[in-house]
Amino acid sequence: MRHTRGHTANRRSHHALKTPTLSVCQNCGAKHRPHHMCLDCGHYNGKMVVDVKAKKEAREARLAAKREAMKSMGEAQGQTEEAK
Ligand SMILES: [Zn+2]
């Protein structure tokens, strides 16, 4: 049902975005969500809960290994196509 511009404006008065509240990390000073671990250093309440650096390195090593595997697979496939 069509309603007045006033009704539409009243409804939309709740649509504004709020700025998120952020806390400052005790360890590195970066901003993070309150009651959540700092995504930059993995600390929460002054203690390290996740070794972010080690996790990142492990992830990069895993991705590099995957890329290498894909590359060698591609080369193997290219050879079989050439043989045909
Ligand atoms: Zn931090």
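Refer to the structure above for everything that follows.
Attention here is on the structure that accompanies the text. (Residues numbered from 1 in each chain as written. Predicted model: local features only at pLDDT ≥ 70, side-chain atom pairs only at ≥ 80, totals over all residues.)

## A look at the overall build of the protein chain
What counts here: In this description a helix means any DSSP run of H or I spanning at least four residues, a strand means any run of E spanning at least two, and both kinds are numbered starting from the N terminus. Just to be clear, the radius of gyration here is over C-alpha atoms, and the globule rule we use is 2.2 Å times residues to the power 0.38. Neighbour density around each residue's C-beta defines its exposure: 20 or more other C-beta atoms within 10 Å make it buried, 12 or fewer make it exposed, and counts between make it partly exposed, where C-beta atoms are placed from the backbone. By definition, residues are in contact whenever their C-beta atoms, placed on the basis of the backbone, come within 7 Å of each other.
The helix and strand tally for the protein chain stands at 2 helices and 4 strands. N-terminal to C-terminal, the α/β element order of the protein chain is α-β-β-β-β-α. Taking 2.2 N^0.38 as the reference for a compact globule, 84 residues should give roughly 12 Å; the C-alpha atoms of the protein chain span a radius of gyration of 26 Å, well beyond that estimate. Seen along its three principal axes, the alpha-carbon backbone of the protein chain occupies a region of about 75 × 50 × 15 Å. Here the protein chain, with 84 residues, has 2% of them falling under the buried criterion. Sequence-distant contacts in the protein chain: of pairs separated by 6 or more residues, those separated by 24 or more amount to 0%.

## Some points on the environment of His14
Tracing the chain through its elements places His14 in the loop between helix H1 (5–12) and strand S1 (23–24). For the pair His14 and Arg59, spaced 45 residues apart in the sequence, the C-alpha separation amounts to 42 Å.

## A closer look at the environment of Cys38
By secondary structure assignment, the location of Cys38 is in the loop between strand S2 (31–32) and strand S3 (43–44). Assessed through the 23 C-beta atoms surrounding it within 10 Å, Cys38 is described here as buried. For the pair formed by Cys38 and Asn10, sequence separation is 28 residues and the distance between their alpha carbons is 38 Å. Apart from the residues lying within four places of it in its own chain, the contact partners of Cys38 are Cys25, Asn27, Cys28, Ala30, His32, His43 and Tyr44.

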